[in-house]
Amino acid sequence: MKILFCASEVYPFAKTGGLADVAGSLPAALSRLGDEVLVMTPKYRGTQGESAELAPGVQVRFIENEAYFNRSGLYGNDQGDYPDNLKRFSFFCHEALRICEEMRFQPDILHAHDWQAALMPVILKTRLVKDRFFAKTRSVLTIHNLAYQGHFPAKQFADTGLDESLFKLDGFEFYGKINVLKAGILYADALSTVSSTYAKEIKTAQYGFGLDGVIRAKKKNVRGILNGLDCDLWDPERDPKIQKNYSAKDMTGKRECKTALQSLCRFEADEKKPVFTMITRLAEQKGLDLFTEIADEFLSMEAQFVLLGEGDRVYHTAFKNIAARHPKNAAVFLGFNAENAHGLYAGADFFLMPSYFEPCGLGQMIAMRYGTVPVVRRTGGLADTVTDAGSARANGFSFNPCTGSALLKAMKKAMQCFRDPVKMAALRKQGMALDLSWDKSANEYLGFYGQVKRS
Ligand code: ADP
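Structural notes, computed from the coordinates. (Residues numbered from 1 in each chain as written. Predicted model: local features only at pLDDT ≥ 70, side-chain atom pairs only at ≥ 80, totals over all residues. Heavy atoms only, no water.)

## Let's talk about the overall build of the protein chain
Line of reasoning, step 1. Along the protein chain, the regular secondary structure elements total 17 helices and 19 strands.
Line of reasoning, step 2. Dimensions of the protein chain, computed from the C-alpha atoms along their principal axes, are close to 70 × 45 × 40 Å.
Line of reasoning, step 3. By the burial criterion, 58% of the 455 residues in the protein chain qualify as buried.
Line of reasoning, step 4. Here the contacts in the protein chain between residues at least 6 apart in sequence split such that 70% fall between residues at least 24 apart.
Line of reasoning, step 5. Summed over its atoms, the accessible surface of the protein chain is roughly 19700 Å², and 49% of this surface lies on carbon and sulfur atoms.
Line of reasoning, step 6. For the protein chain, the distance from the average site of its 58 positive side-chain charges to the average site of its 52 negative ones is 4 Å. (Helix = DSSP H or I, 4+ residues; strand = E, 2+ residues; numbered from the N terminus. Buried < 20%, exposed > 50% of the residue type's maximum accessible area, 1.4 Å probe, protein only. Contact = heavy atoms within 4.5 Å. Areas by Shrake-Rupley, 256 points an atom, 1.4 Å probe, with all protein chains shown as cover. Lys, Arg positive; Asp, Glu negative; His and termini not counted. Charge placed at Lys NZ, Arg CZ, Asp CG, Glu CD.)

## What to know about the side chain of Arg369
Line of reasoning, step 1. Position of Arg369 among the secondary structure elements: in helix H13 (residues 363-369).
Line of reasoning, step 2. In contact with Arg369, other than residues within four places in its own chain, are Leu229, Cys231, Trp234, Asp235, Pro236, Met432 and Leu436.

## Topic: the nonpolar core
Line of reasoning, step 1. Core analysis: the biggest nonpolar cluster contains 59 residues, and Leu4, Met40, Met120, Phe172 and Ile185 have the highest contact counts within it.
Line of reasoning, step 2. Here this core takes eight residues from helix H3 (residues 85-102), the largest share from any one element.
Line of reasoning, step 3. Counting residues in each nonpolar core, the second largest holds 38 residues, with Val373, Ala394, Leu407 and Ala410 among its members. (Core = buried A, V, L, I, M, F, W, Y, C linked by side-chain atoms within 4.5 Å.)

## Here's the deal with the environment of Glu50
Line of reasoning, step 1. With respect to the helices and strands, Glu50 occurs in the loop between strand E2 (36-42) and strand E3 (51-55).
Line of reasoning, step 2. Look at Glu50 and you get partly exposed, because its relative accessible area is 49%.
Line of reasoning, step 3. The contacts of Glu50, once residues within four sequence positions are left out, are Val60, Arg61 and Phe62.

## Comments concerning the pairing of strand E8 (residues 138-143)
Line of reasoning, step 1. The buried fraction of E8 is high, at five of six residues.
Line of reasoning, step 2. Bridge count for strand E7 (residues 109-113) against E8 is five bridges, and the pairing is parallel. Residue Leu110 lies in a different strand from E8, and its bridge partner there is Ser139.
Line of reasoning, step 3. Where E8 and strand E12 (residues 190-193) come together, four bridges link them in parallel fashion. (Pairing = 2+ DSSP bridges.)

## Here's the deal with the pattern of salt bridges
Line of reasoning, step 1. The tally for this structure, following the rule as stated, stands at 23 salt bridges.
Line of reasoning, step 2. Here Arg32 makes a salt bridge to Asp439, at a shortest N to O gap of 3.1 Å. You can see Arg32 sitting in helix H1 (residues 18-32) and its partner Asp439 sitting in helix H17 (residues 438-454), a full 407 residues away along the chain.
Line of reasoning, step 3. On the basis of relative accessible area, Asp439 is assigned to the partly exposed category, the value being 39%.
Line of reasoning, step 4. Its salt-bridge partner being Arg238, residue Asp235 comes within 2.8 Å of it at the nearest N-O pair.
Line of reasoning, step 5. Residue classification places Asp235 among the buried residues on the basis of a relative accessible area of 5%.
Line of reasoning, step 6. A relative accessible area of 59% places Arg238 in the exposed class.
Line of reasoning, step 7. By sharing partners, the salt bridges in this structure join Glu95, Arg98 and Glu102 into a single network. (Salt bridge = Lys/Arg side-chain N within 4 Å of Asp/Glu carboxyl O.)

## Digging into the sheet that holds strand E14 (residues 275-282)
In a beta sheet, neighbouring strands pair by backbone hydrogen bonds and run either parallel or antiparallel.
Line of reasoning, step 1. Spatial strand order, E16-E15-E14-E17-E18-E19: six strands in an open sheet with parallel pairing. Two strands bound the open sheet, and with one partner strand each, they are strand E16 (330-334) and strand E19 (397-399). Taken over all neighbouring pairs, the strand axes of this sheet differ in orientation by 15 degrees on average, direction set aside.
Line of reasoning, step 2. In terms of strand pairing, strand E18 (residues 373-377) meets E19 through three bridges, oriented parallel. Each residue of the ladder has a partner; that of Val375, found in E19, is Phe397. (Axes fitted to C-alpha atoms, helices over the stretch in contact; angles between N-to-C directions.)

## Considerations on the site of the ligand
Line of reasoning, step 1. Neighbouring residues of the ligand: 18 residues in total, closest Arg281, Lys286, Gly335, Tyr345 and Leu362.
Line of reasoning, step 2. Within the side chain of Arg281, a nitrogen or oxygen atom sits 2.8 Å from an oxygen atom of the ligand.
Line of reasoning, step 3. Within the side chain of Tyr345, an N or O atom sits 2.7 Å from an oxygen atom of the ligand.
Line of reasoning, step 4. For the ligand, the protein covers 91% of the area, taking 570 Å² as the surface of the free molecule.
Line of reasoning, step 5. At the level of elements, E14, strand E15 (304-311), helix H12 (338-347) and H13 are the ones that each hand at least two residues to the shell around the ligand.
Line of reasoning, step 6. Here the shell around the ligand is built from residues that sort into eight nonpolar, seven polar and three charged. (Near = heavy atom within 4 Å. Polar contact = N/O pair within 3.5 Å; in protein donor to acceptor, adjacent residues only side chain to side chain. Nonpolar A, V, L, I, M, F, W, Y, C, P; charged D, E, K, R; others polar.)

## Considering the packing of aromatic side chains
Line of reasoning, step 1. In the structure shown here, the tally under the stated rule is 27 aromatic pairs.
Line of reasoning, step 2. A ring pair is formed by Phe276 and Phe350, whose centres lie 4.8 Å apart and whose planes are at 25 degrees; its orientation type is stacked. Separated by 74 residues along the polypeptide, Phe276 in strand E14 and Phe350 in strand E17 (residues 350-353) bring together distant segments of the chain. The pair Phe276 / Phe350 is uniform in exposure class, with both members buried.
Line of reasoning, step 3. Cluster of aromatic residues (ring-pair linked, three or more members): Tyr44, Tyr68, Phe69, Tyr75, Phe89, Phe91, Trp115 and Phe152.
Line of reasoning, step 4. The ring of Phe105 is capped by Lys2, whose NZ or CZ atom sits 5.3 Å from the centre of that ring.
Line of reasoning, step 5. Between Arg71 and the ring centre of Tyr82, over which it is positioned, the NZ or CZ distance is 4.8 Å. (Phe/Tyr/Trp six-rings, centres within 6.5 Å; stacked < 30°, edge-to-face > 60°. Lys NZ or Arg CZ within 6 Å of the ring centre and 35° of its normal.)

Quick look at the structure:
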């Protein structure tokens, strides 16, 4: 099958979040299964040339426009989102389809990701509906996070490059504004998201961000396919960025990683104290207020805590204050630091992710690869990957409801388990034994594409 794969960020060329990881590794996994994949993404500042290869035979074609994409940020700067984002990403969508035709790459499936590429299924069904080149192309739209929809003032509609008549209730219109993702959902032949639980959640008012009705009205089901991990990058056996390599068979190296982390944080190097870590965007979604609410009580116990995070200033301040109040057992590193993240995943005993919502979540999966036990809110991809202690296949702790006291209760259970080395080793082992590779998910996508093609 021929797949045209379009995303606004592709690792290693540009990254702000999990979408880049997916777009950087899924195409290669699909190609290994025999698909022909062409990836298209904007050419941002720092990217060289017209195209590159993600893997042998997997071409990335950069969509170029100096004025739109040669900027310091992908979507905005310190002042917020760029005001012309609708123009920028509409250009990306039209231009990607034009170049696809110019390259004579006739896709069976157009796979568009998130609102920045969501205009593409709409273009196929409207402006290009009579274009014979795309007559057999079916479209799939994947939602990586429903909180980001591409809302714009109605007066900008001309920037979409589409006919004004599409600004209607069963089109782009959403409470008097433009909603690009909504139009994509309505016009795509099929929808998917990044975990089965999130696929169900987005049909409810609690998680739907106003689009749950639109999603429910779609006749076909939303498919949930869990993201995979780049298991070469995240591998405790070979990772050059950690103090000492280790594996499920021989975990002794993990102890050295813990000592190194405790020393980095200026904590007492005490093996008996559990180290909890958080590596995250500092955004409301991540349930950080649950932690800040219980931090003082938690840090009065025999435990250590280290955060690596970047994002909203309010959280920068809140976490700096926590570290100042508990210098002996709380350390806070503010900033995005891909190198340091490895040492934290490897050195910690527990990984916290108390998210309000989490479409898939990579952090808990990476943690499990490193034998670090996740403590998570039971939602979205966290519910699909973390099995709570108690069951035979337990690999972590999950809690509900989304409150500080429920989080604290789960953390106390984790600490209790930590005092029982046999139980703790069993949890670590289960996590490390999971198959989190892309190959499994790529196979599911392949089956899904086949269904969409036949429908
Ligand atoms: P999201 O896509 O919502 O940010 P995910 O858990 O899916 O959340 O992916 C987050 C990815 O970004 C993980 O690979 C995580 O290790 C990494 N990450 C998040 N914050 C930081 C940070 N401050 N420094 C380094 N890596 C980070």
